[in-house]
Amino acid sequence: MLDLDFIRKNPERVKAAVSSKHQSADVAALLSFDERYRQLRAERDRRRHEQTEKSKLVPQAKKRGEDVSALLAEMNVLKDRIQALEDEAKALEGPIRDILLQIPNVPAADVPPGSDSTGNVEVRRWGDPPKFSFKPKPHWDLCQGLGLVDFERATKISGSGFIVYLGDGARLERALFQFMLDLHTTEHGYTEVFPPFLVNRASMTGTGQLPKLENEMYCATADDLFLIPTAEVPVTNLHRDEILQEEALPIFYAAYSACFRREAGAAGRDTRGLIRVHQFDKVEMVKFTRPETSYAELESLVGNAEAVLQRLGLPYRVIHLCAGDLSFSAAKCYDIELWAPGVERWLEVSSCSNFEDFQARRMNLRYRPSEGKGTRFVHTLNGSGVALARLFIALLECFQREDGSVALPEVLWPYLRGQKELRPK
RNA sequence: GGAGGGAUGGCUGAGUGGUUGAAAGCGCUGGUCUUGAAAACCAGUGUGCCCGCAAGGACACCGUGAGUUCGAAUCUCACUCCCUCCGCCA
């Protein structure tokens, strides 16, 4: 959420951000509610002051044996007046907060203009797409031939969009996220976290999934808990409602989690294979930083995600998202896409974002500067490091051989008890 | 699931209707003293929000939300969380 004072002073910039992110929050209404709210509060505060002063007279008068009934009558009128002011102000708090929660973050100054993905800018590429002397197969054929996945039974036990990994498939999945976690925790300075996969409403609101994306998430209604769409939610909320010491910053966490998404708006898209599924595995990186360093930290965060792909030897490109393609909470975001030669598509496997103080404000996460007074909001960042299923796809499709076998990258061998390739059984 | 107990500032802990945002101690920061440190002593030390250029001032906050009262940390109700014991359980 944005600073209300910032909105008061920059209404046009905020309105521009709302429309560039295709949102519909009513900034003008917010400002008029806010104006009225402050009037009411000021009046109430004056009456309260009066009340406090007068209430002190009661015991004094009683002590002198005076009749206090006139004073009490006066106080009763005052009390009703305060109550009325209070009620009217309270009634405005809900609408103010509702609108505030619906206003998206303002894109950073260097974010490219543009209203959709066509405005995105490719920043760099790494690696060459593999050349094949045969027509590379899509991953679902490779999975079939190698016996890695059982799509039919997954549908039977859960429904479409769910995956059962079997045998080498299950081992490869586990090897991949274990490799990624090890890389980030041993070489990139992240502390490993294993979070809950169900979180409460306050956590979902803190990172910005709620109130807008309620329909995108699986909800355990009996307990009002949500299945996490990404480990970003539990991990970023670790420090919700805290005041950190400046010396504690920056904090880096890396977490594996399963991720659950209803994909309600994407029904019918990418129905085949592993491209778009309701449950997938992901290693997520989360950073808490001082405001001054957050953009430098965003660059190194992207680098940490790229390191995963470089070690695996998978070609990718980094995309700087334009304003219109930026998510609700992000101020700046890079996507990393892997080339998947079987399906002949670039697949998004990472999204690295700086939220500046947008999430911190929602979750009331601050730090105390070692110099100077008061508190400041921390900056939060996160990035996939990286998302499975799609990584799994690219790996199979890039390293496939004509006979249907798949070569495994050397960095994974230790995680697979020395196994160097996947062979049809 | 059953039965009890509890929630106060960074921490410990007092406070059961009236200048209590809150005693005391610890911790922390600055100062005095000291060659330096410790000890001792002195001073300071929550957050939010509004008004103000500022100095400063007002208001709110004692788990959360309602209520009683002229006045609530203190009384009432609901909820949440934590602790202890019993039962159940991977």
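1. Things to note about the overall build of chain A
When helices and strands are tallied, chain A shows twelve helices and 16 strands. Projected onto its principal axes, the C-alpha coordinates of chain A cover approximately 105 × 45 × 40 Å. Sorting the 425 residues of chain A into buried and exposed places 37% on the buried side. Across chain A, every contact between residues at least 6 apart in sequence was considered, and the portion connecting residues at least 24 apart equals 73%.

2. Section: helix α5 (residues 139–146)
Buried within α5 are the following residues: H139, L142, C143 and L146. Along the axis of α5, the buried residues cluster in a sector spanning 100 degrees; they form a single face. Contact partners of the buried residues in α5: α7 (168–187), α12 (390–398), β15 (406–407) and β16 (421–422). At the exit of α5 stands G147, carrying a positive phi of roughly 70 degrees.

3. Concerning the environment of G145
Looking at where G145 falls in the secondary structure, it is placed in helix α5. Taking the number of C-beta atoms within 10 Å as the measure of exposure, G145 has 18 and is therefore partly exposed. Taking the C-alpha atoms as reference points, G145 and L298, separated by 153 residues in sequence, lie 40 Å from one another. Setting aside residues no more than four positions away along its own chain, G145 makes contact with G404 and P424.

4. Some details on the domain arrangement of chain A
Domain assignment breaks chain A into domain 1 (4–102) and domain 2 (117–422). Computed from C-alpha atoms alone, the centre-to-centre distance between domain 1 and domain 2 is 44 Å. Taken together, the contact between domain 1 and domain 2 spans five residues of the former and six residues of the latter. Among the residues forming the side of domain 1 that touches domain 2, the class breakdown is one nonpolar, three polar and one charged.

5. As for the sheet that holds strand β5 (residues 225–227)
Overall, antiparallel pairing links the three strands, which are arranged β3-β5-β4 in an open sheet. Each edge of the open sheet is held by one strand with a lone partner, namely β3 (198–200) and β4 (219–220). The pairing of β4 with β5 spans two bridges and is antiparallel. Residue pairing for β5: C219 is matched across the bridge by F226.

6. Side note on the protein's contact with RNA strand B
The full set close to RNA strand B counts 19 residues, and D45, R48, H49, S55 and M75 are the nearest of them. Broken down by element, the surface near RNA strand B gets its largest block of residues, twelve residues, from helix α3 (residues 27–63). Residue composition of the surface near RNA strand B, grouped by class: five nonpolar, seven polar and seven charged.

7. Some points on the nonpolar core
One broad trend across soluble globular proteins is that nonpolar side chains are buried collectively. Within the largest apolar cluster, 89 residues are counted, with the highest numbers of intra-cluster contacts made by L176, L338, V386, L391, F392 and A394. Lining this core are residues from two domains, each supplying at least three of them: domain 1 (4–102) and domain 2 (117–422). Ignoring sequence-local partners within four residues, the contact set of A394 consists of L314, L338, W339, A340 and L347. Formed by six residues, the second largest nonpolar core is a distinct cluster that contains F288, A360, Y367 and V378.

8. Some thoughts on the sheet that holds strand β6 (residues 243–245)
Read across the sheet, three strands follow the order β6-β12-β13 without closing on themselves; strand pairing throughout is mixed. If you trace the sheet from one side to the other, it starts and ends with β6 and β13 (376–377), each paired once. Bridging between strand β12 (residues 366–368) and β13 involves two bridges; their strand directions are antiparallel. Residue pairing across strands places Y367 opposite R376, the latter belonging to β13.

9. Let's talk about unusual backbone geometry
Residue P211 follows L210 across a cis peptide bond; omega there is 5 degrees. By the element assignment, P211 lies in the loop between α8 (201–206) and β4. Omega for the peptide link from G385 to V386 comes to -5 degrees, which places this bond in the cis form. Note on placement: V386 falls in strand β14 (residues 379–387).

10. What about α3?
Across its 37 residues, α3 extends 55 Å between first and last C-alpha, which sits within 8% of the 54 Å expected from 1.5 Å per residue. Of all the positions in α3, only V27, L30 and F33 are classed as buried. In this fold, the buried residues of α3 make contact with α1 (4–9), α2 (11–20) and α4 (69–102). G65 occupies a position one or two residues after α3 and carries a positive phi of about 75 degrees.

Cut-off values and rules
- Residues numbered from 1 in each chain as written.
- Chains lettered and ligands numbered in written order.
- Predicted model: local features only at pLDDT ≥ 70, side-chain atom pairs only at ≥ 80, totals over all residues.
- Helix = DSSP H or I, 4+ residues; strand = E, 2+ residues; numbered from the N terminus.
- Buried ≥ 20, exposed ≤ 12 C-beta atoms within 10 Å, placed from the backbone.
- Contact = placed C-beta atoms within 7 Å.
- Arc of directions from axis to C-beta.
- Domains from an automatic or database assignment.
- Nonpolar A, V, L, I, M, F, W, Y, C, P; charged D, E, K, R; others polar.
- Pairing = 2+ DSSP bridges.
- Near = placed C-beta within 6 Å.
- Core = buried A, V, L, I, M, F, W, Y, C linked by C-beta atoms within 7 Å.
- Expected span 1.5 Å × (residues − 1).

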